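Observations on the three-dimensional arrangement
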Amino acid sequence: MIRSLLSGMILFLPTLLSAQNNAMASGDTVTGKKQLDEVVVEAFGSRVQWKAAPAAVAVIGTKEIARYANVSLVPVFNTVPGIRMEERSPGSYRLSVRGSLLRSPFGIRNVKVYWNEIPLTDGGGNTYLNLININDISHAEIIKGPAASVYGAGTGGAVLLRSALSFSDSAEDHFSTGVSVGSYGLFQEQAGWVYTTKQFSSSIQQSHQQSDGYRDQSATRKDVLKWQSNWQLKKQQFHFLVFYTDLYYQTPGGITLAQMQQNPQLARQAAGALPSAAQQQAAIYNKTIFGAAQQEINLDEHFVWKNFVSANHTTFTNPFITNYENRGEANYGAGTSLRYQKKNTHAFFQWTNGAEWLYNHSLISDFGNRSGKADTIQFKDDIYAVQWFAYSQAQLTLNDEWVISGGVSLNNQQYKYKRLTDANPLSVQKKISLVVTPRISVLYRINKEVSLYMLAAKGFSPPALAELRPSDGNYYGNLNAEYGWNYEAGVKGNAWDDRLRFDVAAYFFRLQNAIVRRTNANGAEYFVNAGETKQNGVEALLSYQLIRNKQQSIQSLTVWSSYSYQPYRFTDYQQSGNNYSGNKLTGVPANIWVTGMDIETKKGIYLNASVNAVSSLALTDANDAFADAYQLVQMKLGYHNERAGRSWDVFGGVDNLLNQRYSLGNDINAVGKRYYNPAAGINVLAGMIYHF
């Protein structure tokens, strides 16, 4: 399959090249004039056209975010080839970038996440992506594959979230408000104030979202208050980000196939001596306050120096079937980078050196759970996690044709664990030190619109704190880090007067010591190393603008499609006398195809529609149970109007139009065959956003 698609890429390329309009305006990545709809990326510390970035970088812009209802990142991220985002219950995200969902019962692991260049991932390797309000994000870049040469630990890649905030020539105030309502008691409201001057800008955003949920024991509530500010001086800028999130969501738990077929709205049922999710009031309570400051100094025409500091505190409570857990997490971070750049007529050189340090201290107390109330203490643990890395990266652009990039990082991860409830508590230390992760890539621009690239990169991912000390309450100090090499080739660019945009890539990834999730008889998870996996695949993204004319009734009509081919396999995996070598990788569908259409009219009416087709996937390492394929149809119809500095956006949408019975997030390797977390059937939403 991979060879066939690569052959197709080669055969298709001459057609694209012959269709280029050589008279088009220059798209110079360094000095040229930017086109009207040019996509720019800042991954790996550069600011270049998307098609000139020597990496597999997907861009999610304002239009892509607005394509769906403004209540969840899940459908937005799932339009990107190679990306799969799950939501086992409302508010419980899992994210996979070209990999498996073996490791993440909740939270985000194996992927580094940044917001405005500030790491959201903590020193223990976990990211609470569900703390963010989608309306606070203006765009995102997703680096697919190991990016350790600049972003540290994580074989999956990195997610770079951004919220734009600019300056203005004179003092200006802008306000916004919005409300959305939908099926199953969904209600969302938001309000914001933006103040800008020539040197200072400030944004305050508030949002509230709640829902009764589709299933029993699946209600959710989230309140977010965010302040962001930029301060501009002659040679330096200061950036500030502060937010507070109060998140609550119930966790219905997995059910069996028979239960889902009978009543998909069921929560986990009582079994033997174990009570049900409703009886135990299973839920997550997360209160987090986060603050960060960044300084950017233009030392001269060649040197730019950046620094950041961050701190946050999380109070985390989790009534579960078998216990009641309280966690207090204190996190601190700091980083610095110095960039040197120089250009002349034929070349542009950029060299960046930097370091990042993240610290986590978690105090974890587990009690018995008596109908949602903390009972007798079971144990209390004190854990420290520290990670740091230093990196160096250089990039050379020659004659606006060749882009050669190379980087390397030196990584360190340490843990310190003590069970305070032991009679004679002793500290246990685990250290993963001096891991070298190189990366090299080469891009050749055939012309201003089409680029070919190749890269090789090593990544590593140490076990996260939630894997060393999972919900079963034990400490797994023998768990080892994952690591592997990724080799990739791709072609990307524009054609036919920028109407066609394409990005096709093939990659070959071998992962050693893959970390796999398992559950004990009570349903609590733990993790083991599963040997080697082969994760080769092909990704393709095509977008074509059929109509582009501001004078017509239909001003714009764009069709787009993304495809992911992921025939991942275990290549060396033996566990408890079972040989799973050759089996399909658990939790990964071999085929994902998403296609859609976006229409904008002269009168302000717009329509976004898409189909997300996902093939079956293995629910167990033994491959003795599979989730069925499904096709998810989503539509959004709205009216947008701008007049005298004010804008209205009124919209309505429908999700799961075909009323498919499917599980958006599965409990893999679950005891009792409780694999399924059914998503809602057909449901609707309506809303309004007003800017003035």
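Everything numeric in this text was worked out from a predicted model, so none of it was measured.

About the thresholds
- Residues numbered from 1 in each chain as written.
- Predicted model: local features only at pLDDT ≥ 70, side-chain atom pairs only at ≥ 80, totals over all residues.
- Heavy atoms only, no water.
- Helix = DSSP H or I, 4+ residues; strand = E, 2+ residues; numbered from the N terminus.
- Rg over C-alpha atoms; globule rule 2.2 N^0.38 Å.
- Buried < 20%, exposed > 50% of the residue type's maximum accessible area, 1.4 Å probe, protein only.
- Areas by Shrake-Rupley, 256 points an atom, 1.4 Å probe, with all protein chains shown as cover.
- Core = buried A, V, L, I, M, F, W, Y, C linked by side-chain atoms within 4.5 Å.
- Contact = heavy atoms within 4.5 Å.
- Pairing = 2+ DSSP bridges.
- Phe/Tyr/Trp six-rings, centres within 6.5 Å; stacked < 30°, edge-to-face > 60°.
- Lys NZ or Arg CZ within 6 Å of the ring centre and 35° of its normal.
- Polar contact = N/O pair within 3.5 Å; in protein donor to acceptor, adjacent residues only side chain to side chain.
- Patch = residues over 30% accessible without salt bridge, like charges linked within 9 Å, V, L, I, M, F, W, Y side chains within 5 Å.
- Salt bridge = Lys/Arg side-chain N within 4 Å of Asp/Glu carboxyl O.
- pLDDT = per-residue confidence, 0-100.

Observations regarding the overall build of the protein chain
- Across its full length, the protein chain holds six helices and 40 strands.
- The C-alpha atoms of the protein chain give a radius of gyration of 25 Å, which matches the 26 Å a tight globule of 692 residues would have.
- Taking the principal axes of its C-alpha atoms as reference, the protein chain extends roughly 75 × 55 × 55 Å.
- When each of the 692 residues of the protein chain is scored for burial, the buried share is 58%.
- Of the roughly 28100 Å² of accessible surface on the protein chain, a fraction of 56% belongs to carbon and sulfur atoms.

Details of the nonpolar core
- The biggest cluster of nonpolar side chains holds 48 residues, and the ones touching the most others in it are Phe77, Leu95, Leu129 and Leu161.
- With four residues, the single largest contributor to this core is strand E14 (residues 236–250).
- Here leucine 129 is in contact with Leu73, Met85, Tyr93, Ile108, Val113 and Leu161, once residues within four sequence places are set aside.

Topic: the sheet that holds strand E6 (residues 111–115)
- With mixed pairing, the five strands of this open sheet are ordered in space as E3-E8-E9-E6-E7. Either end of the sheet is taken by a strand with one partner, and the two such strands are strand E3 (57–60) and strand E7 (118–119).

What to know about the packing of aromatic side chains
- Applying the stated criterion across every chain yields a total of 29 aromatic pairs.
- Members of the aromatic cluster, connected to one another through ring pairs, are Phe175, Trp193, Tyr195, Trp648, Tyr690 and Phe692.
- The ring of tyrosine 453 carries lysine 492 above its face, with NZ or CZ at 5.1 Å from the centroid.

A word on the environment of serine 371
- Inspection of the secondary structure puts serine 371 in the loop between strand E18 (347–370) and strand E19 (373–398).
- Sequence separation between serine 371 and tryptophan 357 is 14 residues, and the spatial gap between their C-alpha atoms is 41 Å.
- Setting aside chain neighbours within four positions, we find serine 371 in contact with Gln279, Gln280 and Gln281.

Concerning the side chain of asparagine 323
- Locating asparagine 323 in the fold gives a position in the loop between strand E16 (303–319) and strand E17 (324–343).
- Among the polar contacts listed, one links the side chain of asparagine 323 to the side chain of aspartate 366, at a separation of 3.3 Å.

Describing unusual backbone geometry
- If you check the backbone angles, asparagine 659 has positive phi at about 55° while not being a glycine.
- With respect to the secondary-structure elements, asparagine 659 resides in the loop between strand E37 (646–655) and strand E38 (663–666).
- Although it is not a glycine, asparagine 669 sits at a positive phi angle of roughly 55°.
- Counting through the fold element by element, asparagine 669 comes out in the loop between E38 and strand E39 (676–678).

Regarding a nonpolar patch on the surface
- On the surface, Phe175, Trp193, Ile204, Leu225, Trp227, Val242, Tyr244, Ile289 and Phe692 cluster together to form a nonpolar patch covering roughly 750 Å² of accessible area.
- Within the residue set of the nonpolar patch, elements represented by two or more residues are strand E13 (220–232) and E14.
- The topology assignment puts isoleucine 289 in strand E15 (residues 283–298).

So, the environment of valine 403
- If you trace the backbone, valine 403 turns up in strand E20 (residues 402–419).
- When the C-alpha atoms of valine 403 and glycine 157 are compared, they prove to be 21 Å apart, with 246 residues separating the residues in sequence.
- Residues within four places of valine 403 in sequence aside, it is in contact with Ala52, Pro54, Gln395, Leu396, Thr397, Ser441, Val442 and Leu443.

Topic: the pattern of salt bridges
- A complete count under the given rule lists 24 salt bridges for this structure.
- Arginine 94 is paired through a salt bridge with glutamate 86; the nearest N and O atoms lie 2.5 Å apart.
- Residue arginine 94 is classed as buried on the basis of its relative accessible area, which comes to 1%.
- Assessed through its relative accessible area of 2%, glutamate 86 is described here as buried.

Remarks on the pairing of strand E32 (residues 591–601)
- Pairing geometry for strand E28 (residues 554–565) and E32, over 11 bridges, is antiparallel. Counted as the bridge partner of tryptophan 560 is glycine 596 from E32.
- Summarising the sheet, E32 and strand E33 (residues 605–614) pair through nine bridges and their orientation is antiparallel. Residue isoleucine 599 lies in a different strand from E33, and its bridge partner there is leucine 607.
- Where E32 folds back onto E33 in an antiparallel hairpin, the turn is made up of three residues, including glycine 604, whose phi is positive at roughly 95°.

Some thoughts on the environment of glycine 124
- With respect to the secondary-structure elements, glycine 124 resides in the loop between E7 and strand E8 (139–144).
- Judged by relative accessible area, glycine 124 falls into the buried class, the value being 3%.
- As a C-alpha pair, glycine 124 and serine 276 span 152 residues in sequence and 31 Å in three-dimensional space.
- Every residue in contact with glycine 124, bar those within four places of it in the chain, is listed here: Asn360, Ala385, Ala464 and Leu465.

Comments concerning the confidence of the model for the protein chain
- In this model, the protein chain carries an average pLDDT of 91, and 93% of its residues clear a pLDDT of 70 or more.
- When mean pLDDT is compared element by element in the protein chain, E33 scores highest at 98, while helix H1 (residues 2–18) scores lowest at 39.
- Segment residues 1–36: pLDDT under 50, and 58 contacts once partners within four positions in sequence are set aside and those in other chains are kept.

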